[in-house]
Every structure is written in structure tokens, then in C-alpha cells.
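# Observations on the three-dimensional arrangement
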Amino acid sequence: MDWIKIWTFFFFLSLAIFACLSIVVTIGGLFNIRSLFKDLSAAKQKAEQTDRR
Amino acid sequence: MDIDFANLGFDTNFSILDWIIVIGYLITIVCIGVYIRKYIASATDFMVAGRGLKTFLAIATMIGTELGLVTVMYSSQKGFTGGFAAFHIAFAAAIVTLFVGISGFIVVPLRRLKVMTIPEFYQVRFGRDVRILGGIILALSGILNMGMFLKAGSLFVTGVTGMTSEFHLKIVMTVLLCMVLLYTTLGGMVSVAILDYIQFVVLSFSLVFASLMSIKYLGWDNIIDTVTREMGQSGFNPFDEAGFGWSYVLWMFFMGLVSCAVWQTAVIRACSAKSTSIVRRIYTLSSVGFLIRFLIPYFFGICALVFIANNPTLKGIFLSAEGKANSDLSLTAMPFYLSQILPAGFIGIISAGMLAAFMSTHDSYLLCWSSVLTQDVVSPWFKNGLSSKVRLFLTRVFIVAIGIFILVWGLWYPLEQDLWDYMAISGAIYSIGGFALLAFGLYWKRASRAGAYLALLTGFLALLGLSKVQQLCSPVLDPIKKVFKIEDDIPSAVIGLIVLALAIILMIVGSLLLPDKRGRATLMKLRSNLDGLD
């Protein structure tokens, strides 16, 4: 078994996949943050309205 | 370990510009954390972000937490001492995480039960007393496990900045911890998620870039040739007994499972996800992150070895005649190497990312262990539980208390062993018993309280992985060593595997001999929750 070839292939393939994943998660994460804040604001407003009642 | 590398002609590239980048970056993220406070309305928002994390943000936070500075430090040390063969650990972590993602093993039923912590599951499945014992063991193991984080962080700062005064480093680490405490107590899980996202973006791109720079600087053929010359076959073949060996590889597969599905800081991400389908997706996609969090630091460690081995002055300092490196020095090798090859400006960005990783790991761990103490050790004593406000207050008090403990422990406890050994042993106290309780509690109807107690307590035997503990227990262990013809210490991987097997056996035997007398209705209710839809 040629471990040098295996690890060389493994390393460069992993690096390439991670680079692609980073781009996708960076863009997708921004949209998720916007939606998280929207949800939390709505939940807080709802809680405040319930407290007032 | 006071070595003035500048006097030896190895000035760091870390400049004033880099300091400005690091300080500006840290102040910005703390401000963001404080700003986010206005969105926190309940303990659930604080601990699991209102269970509102969607796929991409959850992946970023999971990788952001697991790609901590301590992981980078001990992984680069493994790459430095183990060469390319250490890649098998990254491979094992990725395969196991992918398996968890596809099968939903442990994490999906946990999310269905809507528990916040693993000991909370212990109560649902085995009873209140198991939850309290499990919570104490988990928190003890976890807090001890993070006890050395500050030490690793300070070694990184020393290596990168070229600072030699330990006094100044202690001040820096104290200031950093204060920032972490402020950030975590104010923002909770929401701010952790946002910080992890920012850290993910900065660190992932800078790590990929630094890897490419390393290959360009050292040359791929030179890297392969130097590792071959210094380590021979054991630098590549993980099954070579001169290096890692079969038992170590097997142990790493178990550690991979623990890291993603049993360790509370990773499981809390599953508990924070919006649905079980998102849990599966997070784990499937995060398998790449679990791979990279080890792979790139290993590669940096290998590059540090190549850089040092090809320089006679540095080789004399870092590597002894037999080629074995001193533990403290091998930890410093990677940051020292980065300080030599990365250009000013970029080194500031990667250091800021690393220090943010340091903060991120701390805030995630602080939040995690304080939640365990509040939810699983204090709260079960109150018949009607604790109100959301009291739980939030208690969690914040525990965060500060743990912070003070790790500051004292990290700054003053002398680390006289390999960092990875310390981490693995302190973690195994919990993870071995935890795995048995989760796997059997979720998938075996007959698992009982007695079996759970036995498995939890068996975890303490993992301490035998420490050579000093082995010496203390020599009257018991020596006859065993003679039978198996072992001359040195029993390897920690072998101890870990034996203790794991013992915990599983005791869980089965204890459950069969002493079954629970809980009503059928309770078990049926649990099963219907576990089998329920999203």
C-alpha cells in the first residue's frame, strides 16, 4: 500500500472540498443569521405583549 | 522554556500592524456579543439559541467551536511527532461523523426528546439520581478538560509574537478570559453562534490560504522527503507499531464518535437545531469540518517539522538525537513556524482568527458546563424545578466561577505531560460511561439504572492511561504486564479500549441482573417521544 500517494490525494481532496464548503456556509450562514434575529425579535415582542397583559 | 529565537536570527514576522488587527478584531466581536444581548428573552434563547439554528449557521457554529485554538495546538503537535500517519485521526473523525449524520445515531433521538443536556436524558431514561451523578461526572471531566486551554493559548501567543516574558503572557490571557466571561454571560448561545460564524469565516479561509502558502514555501516533494528521512515508514503508515499502531487507530475511531455524538459541546449543537432533519444535515456536512479541524493543524505540524529538521540550529533545539521532541517545544513548533513564513498583516488575521477560536471554545465550553451544573446538578434538587430567570442567573454565576477556576488552574498548574494525553484522559472519565448510557439507553429497552451506575463509574478507570497512575497501581498491573509481556507502560489507547469494553459489559450485566422496576407506561412514553416525528 502506497501511503504517500494515499495521504497526498486525501489531503488535496479534503482541502478542495473544505474550500467549497466554506464558501457555501459563509453565504448561507448570512441568510440564517438574518432569519434567526427576525425569529428572536418576534419571540421577544410576543413575550413582552404577554407580560403587559 | 525561555528561548530567545530573535537572538538566534529567527525574528517573528508579527508586527505592530498585526497587533492592531488582533486587538481591533477582538474588540469588534465583543461589541457584537454585547449588542446581541437585547435579543435574549429566555433561558432557552440563552442556552440553545431558542432552538432556532438553521443548517448553515449550525454548521458554522459546530465547526467554529470544534476548530478551537487548543485543537489546533494539540493537533499540530501530533503532526509534528507523528507525521502524515496522524492523518488517520482526521479520517476516522470524518468517517464517524458522516456515519452519525446518515444514521442519526444518538443525536437524532436526543433531539427528539428535546433535552438541553445529556444528563437530562439520563433522568428521562434512568432517573434523577443518575442525572445528578452523570452531571457531576460530566462537569468535572469537562472543566478539568478545559483546564489547560489557557496554557495552550499562551504557548500559541508566545510562539507567534516572539514574546518571551511569561508575566506579560499571563496578563494577556487574563484579559482575554475577562473578555470571554463578559461576552458569554451577556449573550449566551445566540452570541456564541454569531461569534462562531465570524470565526468560521475568518479561520477557514485563512487556514486554507496558509496551507497553500506552506506548500509553496517548503515544496511538496521536500515535505515528503523530509518526513521520510526523519520518520521512515512510521511517518506515513498509521498501523506501523513503531508509530501509532492498530490499537491507537481503533481508539481514534471511538474518540471520533465521542467528539461528535457524545461530547456535550457538540451534542448541544444537535439540541439547538430546528429539526431532526437539520441535525442529520449538520452532521453529514460537518464531517468535512471534523476532518479539516485535525487535518490542517496536522499539516502545519508536519511543515513545522520540515522547517525545523532542515535547519541545524533549530533541529538542535527542537529535536533530540533520537528525533523525539520535548512536549512543550513540540507544542510551540507550529506557532513558531507560522511566525517565520507568514507575511506581516496576514499573520495578524490568522492570529486574530486563532484567538477568536480560543474565545469561541471558551465561551462554548463555559456555557456548556455551566448549563450542565444548573440543569443537571442544581435544578433536579427542586421539586418544581427552577424558573427561567433563576436558571439564567445560576448559569451566569457558574460561568464566572468556572472562568475563575480555569484561570487559576491554567496559569498555575504545571503541565508535566503531553497535552493530548491530558485532554484524552480527562475527557474519557466522562465519555466512556456517557457512550454506554447513551447507546444502550436509547437503543436497548432493558438498560437499567444499575447498569448505568456501573458504566458511569467505570469511566474513572481511564485514569490508568496516565503513566504516573500506572506506577502507583504497579502491584496490580505488573502481573498483568508479565502475562502479556509488556515491558513499558501499557499504552493509553489500550487502556481506553479495555475500559470501554468493561463499561459496555458492566452496562449489560448490571441491567440483566438488576432490571428497573419502572412502570411500563413510563417506558412507553419515552419510546413514543423517541419514535415521534419532527
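The shown structure was predicted, so the numbers you read here are calculated from the model rather than taken from an experiment.

Helix and strand counts for chain B come out as 24 helices and 0 strands. Relative to its 534 residues, chain B shows a buried fraction of 57%. Relative to all contacts within chain B whose residues are 6 or more apart in sequence, the contacts with residues 24 or more apart total 87%.

We now examine the interface of chain B and chain A. On the side of chain A, 27 residues touch chain B, which itself brings 32 residues to the contact. In terms of residues, the side of chain B that touches chain A owes the most to one element, helix H10 (residues 166-218) of chain B, which gives 9 residues. Residue classes in the side of chain B that touches chain A are distributed as 24 nonpolar, 6 polar and 2 charged.

Further remarks concern the nonpolar core. Judged by nonpolar contacts, the single largest core of 185 residues is most densely connected at Met73(B), Ala90(B), Val107(B), Val267(B), Leu295(B), Ala304(B) and Ala356(B). In this view, Met73(B) contacts Ala152(B), Leu155(B), Phe156(B), Leu331(B) and Leu419(B); residues no more than four positions away in its chain are not counted.

Take the confidence of the model for chain B next. When pLDDT is low, close inspection of the predicted coordinates is not appropriate. In this model, chain B carries a mean pLDDT of 82, and residues with pLDDT of at least 70 account for 87%. Listed scores for the predicted complex are pTM 0.83 and ipTM 0.83.

This next bit is on unusual backbone geometry. Residues and elements named next belong to chain B. In the Ramachandran plot, Ile106 falls in the positive-phi region, its phi being about 70° despite a non-glycine side chain. Of note, Ile106 is situated in the loop between helix H5 (87-103) and helix H6 (107-112). What makes Ile106 buried here is the crowd of 24 C-beta atoms within 10 Å.

Moving on to the environment of Phe393(B). Note that Phe393(B) resides in helix H18 (residues 388-412). A sequence separation of 91 residues divides Phe393(B) from Ile302(B), and the C-alpha atoms of the two residues are 46 Å apart.

So, about helix H11 (residues 220-231) of chain B. Along an α-helix, a turn takes 3.6 residues, which lines up residues three or four apart on a common side. Residue and element names in this part refer to chain B. Between its first and last C-alpha, H11 extends 16 Å over 12 residues, near the 16 Å set by a 1.5 Å rise per residue. Among the residues of H11, those classed as buried are Ile223, Thr226, Val227 and Met231. In a view along the axis of H11, the buried residues occupy a sector of 100°, so they form one face of it. Facing away from the buried side of H11 by over 90 degrees, the exposed positions are Asp221 and Arg229. Immediately downstream of H11, the backbone of Gly232 shows phi near 70°, a positive value.

Attention now goes to helix H19 (residues 419-443) of chain B. Residue and element names in this part refer to chain B. Across its 25 residues, H19 extends 34 Å between first and last C-alpha, which sits within 8% of the 36 Å expected from 1.5 Å per residue. Along H19, the helix axis deviates most sharply at Ala428, where the bend reaches about 45°. Within H19, 21 of the 25 residues are buried, leaving the element largely enclosed by the surrounding structure.

The rules behind these values
- Residues numbered from 1 in each chain as written.
- Chains lettered and ligands numbered in written order.
- Predicted model: local features only at pLDDT ≥ 70, side-chain atom pairs only at ≥ 80, totals over all residues.
- Helix = DSSP H or I, 4+ residues; strand = E, 2+ residues; numbered from the N terminus.
- Buried ≥ 20, exposed ≤ 12 C-beta atoms within 10 Å, placed from the backbone.
- Contact = placed C-beta atoms within 7 Å.
- Nonpolar A, V, L, I, M, F, W, Y, C, P; charged D, E, K, R; others polar.
- Core = buried A, V, L, I, M, F, W, Y, C linked by C-beta atoms within 7 Å.
- pLDDT = per-residue confidence, 0-100.
- Expected span 1.5 Å × (residues − 1).
- Arc of directions from axis to C-beta.
- Bend = angle between axes of the 7 residues up to and from the residue.

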